[in-house]
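What follows is the residue order along each chain.
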2 protein chains.
Amino acid sequence: MKTERLNVIREVLTRTPVASQDELRRKLRRRGIHVTQATLSRDMHELRLSKGPSGYALPNGNGVVMVAAAEDDAPPSLAEMLESLGLRVRRAMNQVVVRTAMGGAQPVAAALDREGWAEMVGTIAGDDTVLVICADPKSAGEVESRIRAMLGA
Amino acid sequence: MKTERLNVIREVLTRTPVASQDELRRKLRRRGIHVTQATLSRDMHELRLSKGPSGYALPNGNGVVMVAAAEDDAPPSLAEMLESLGLRVRRAMNQVVVRTAMGGAQPVAAALDREGWAEMVGTIAGDDTVLVICADPKSAGEVESRIRAMLGA
DNA sequence: ATAAAGCTTGCATACTTATTCAGGTCCGTT
DNA sequence: AACGGACCTGAATAAGTATGCAAGCTTTAT
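Since this is a predicted model, take the numbers as computed values, not measurements. (Residues numbered from 1 in each chain as written. Chains lettered and ligands numbered in written order. Predicted model: local features only at pLDDT ≥ 70, side-chain atom pairs only at ≥ 80, totals over all residues. Heavy atoms only, no water.)

**What about the protein's contact with DNA strand C?**
Around DNA strand C there are 17 residues in total, and R42, K51 and Y56 of chain A together with R5 and T39 of chain B lie nearest to it. In DNA strand C, atoms within 4 Å of the protein come from the sugar-phosphate backbone in 63% of cases. Y56 of chain A has a polar side-chain atom sitting 2.6 Å from a phosphate oxygen of DNA strand C. Between K2 of chain B and DNA strand C, the recorded distance is 3.3 Å, taken from a side-chain N or O atom to a phosphate oxygen. Taken together, the elements giving at least two residues each to the surface near DNA strand C come down to α3 (37-47) of chain A together with α1 (2-15) and α3 (37-47) of chain B. With four residues, α3 of chain A is the largest single contributor of residues to the surface near DNA strand C. (Near = heavy atom within 4 Å. Polar contact = N/O pair within 3.5 Å; in protein donor to acceptor, adjacent residues only side chain to side chain. Helix = DSSP H or I, 4+ residues; strand = E, 2+ residues; numbered from the N terminus.)

Below is the structure:
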C-alpha cells in the first residue's frame, strides 16, 4: 500500500541520512517494501522532500501540518492527523509511543486528547514523539491497535 | 572570477526561482557570466544549496552574508553529546531517565533517536530531562548501562 | 627565471532523478 | 458481465547533476 510506504519513508528519513533514491530503495527493501526508483521519485515529489548536501530532508514541520490543516475548518480528526503525520506505533507495558513526522507530535497528542478514550490516562508530546500513558498493559494494547488501524488505513 | 560568480548566483536565487543548473546557466549568461553546467554543479555544492519542489534554495533562510559561518554540519555523536551535556541516569521499570544540563535534553534525545537502538521504543525530551521508553525492564537496564558507560568515560 | 604546487574550468561521461508509456487493479455504473 | 475511469506501478528513457581528467593560470619556493 502506498500510504504505508510513504510513512515508512518519512520514518527512514528521520532516522538515517539518505543520499539517493536508490539508497532509499535498498533500505526499504530490507523492511520488506520492494519498489523501483521510479516509484520513489514520485513519492519524493508527493512528500515535497528537498535534497541538500546532507541528503534528503522532510519539509519543515509546520509545512506538513499546514497541508493537513488547510483543507477543513474544523479541527482535523485523529484519523486524518495520523494519516498525514503518523509514522509508527509501539507499545511497552502500559505505555504507547507514537512516532510522527518532525513537529507532528503536539497536534497528534492534542487530537488524541480530544478523542477522550477512557483507556488513556494522559499524553505527553515532544517534537516527533507522543507518549501515551494508559491505565494498564491491556488498555495500552487496545489503544495501540486502535491507532495502528488508523495508520494502516 | 569565482567569488563574484558565487555572489551573483546567491542574488539570482533570492530573486527568481531556479529549477535546474542549466536554467541558472542561461540566467547568468544574460548577466555576462558564461560558465558550463559542470562549474555550476561545483558552485552549488560549495554554496551548500538544497533543491526542493520549488527549485534551488540557499541554506539557513536566505542570508547573502553568512556563508562562511556554517561549517560543522554533521550532528554530534551520542557519546560527544553525553560527554558534554549528560549528568546522570536512572531507571524505573521499563523507563530510563537521563538528566542533562539545562537545555540539553532535546539534543540528547535526538542523538539517542539517531542511534536507533532496538530496545528503545521512543524518547521524549523536556528542558533538562530525557525520558526513554524501553520495551521492558530488561531492555531498560541494557540501555541504562550503555548510556552510563558513555557518561563514565 | 624555472619549477612545483594549487586553483579553477571545460569536456566527456558516469551517475541520479523525472517522465513517458503501457499495462494492472479497484470501484462504481450500465 | 462488461465498460469506463481513477490510481498505482514498472520498464525504458529523457532530463538533470556530479566527477575524472587534462589544460591553463596564479602563487610560492628554489
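**Focus: α1 of chain B**
Residue and element names in this part refer to chain B. End to end, α1 covers 20 Å across 14 residues, agreeing with the expected 20 Å (1.5 Å per residue, within 8%). Of all the positions in α1, only R5, L6, V8, I9, R10, V12 and L13 are classed as buried. Residues of α1 that are buried in the fold lie against α2 (21-30), α3 and β2 (55-57). (Expected span 1.5 Å × (residues − 1). Buried < 20%, exposed > 50% of the residue type's maximum accessible area, 1.4 Å probe, protein only. Contact = heavy atoms within 4.5 Å.)

**Remarks on the packing of helix α1 (residues 2-15) of chain A against helix α2 (residues 21-30) of chain A**
Residues and elements named next belong to chain A. Contact geometry for α1 and α2: axes closest at 11 Å, N-to-C directions at 110 degrees. By the criterion of interaxial angle, the relationship of α1 to α2 is roughly perpendicular. On α2, the residues touching V8, I9 and V12 of α1 are L24, K27 and L28. (Axes fitted to C-alpha atoms, helices over the stretch in contact; angles between N-to-C directions. Parallel < 35°, antiparallel > 145°, perpendicular 65-115°, else oblique.)

**Notes on the interface of chain B and chain A**
When the parts come together, some accessible area is lost, and that loss is often what is quoted as the size of the interface. At the junction of the two partners, chain B supplies 25 residues and chain A supplies 22 residues. Between chain B and chain A lies a buried interface of about 1,700 Å² when both sides are counted; carbon and sulfur atoms form 58% of it. Considering only the side of chain B, the residues that lose the most area to chain A are P53, V121 and I124 of chain B, jointly responsible for 32% of the buried surface there. Summed over the shared surface of chain B and chain A, the result is zero salt bridges. Elements with a contribution of two residues or more to the side of chain B that touches chain A: β1 (50-52), α5 (105-115), β5 (120-125) and β6 (129-134) of chain B. Ranked by the residues each element gives to the side of chain B that touches chain A, the list is headed by β5 of chain B, at five residues. Of the residues in the side of chain B that touches chain A, the class split is twelve nonpolar, eight polar and five charged. (Buried area = accessible area lost by both parts, 1.4 Å probe. Salt bridge = Lys/Arg side-chain N within 4 Å of Asp/Glu carboxyl O. Nonpolar A, V, L, I, M, F, W, Y, C, P; charged D, E, K, R; others polar.)

**A short note on the protein's contact with DNA strand D**
Around DNA strand D, 17 residues are found, and the nearest of them are T39 and R42 of chain A together with Q21, R42 and Y56 of chain B. Counting only atoms of DNA strand D within 4 Å of the protein, the fraction found in sugar and phosphate groups is 61%. Between K2 of chain A and DNA strand D, the recorded distance is 3.3 Å, taken from a side-chain N or O atom to a phosphate oxygen. Looking at the surface near DNA strand D, the elements with two or more residues in it are α1 and α3 of chain A together with α3 of chain B. The leading source of residues in the surface near DNA strand D is α3 of chain B, at four residues. For the surface near DNA strand D, the residue count by class is five nonpolar, seven polar and five charged.

**Section: the confidence of the model for chain A**
Should the pLDDT be low somewhere, the predicted coordinates at that spot are not to be read in detail. For chain A, mean pLDDT is 75; residues scoring 70 or higher make up 78% of the total. Model confidence for chain A, summarised as mean pLDDT per element, is weakest for helix α4 (residues 61-69) of chain A at 34 and strongest for α3 of chain A at 91. (pLDDT = per-residue confidence, 0-100.)

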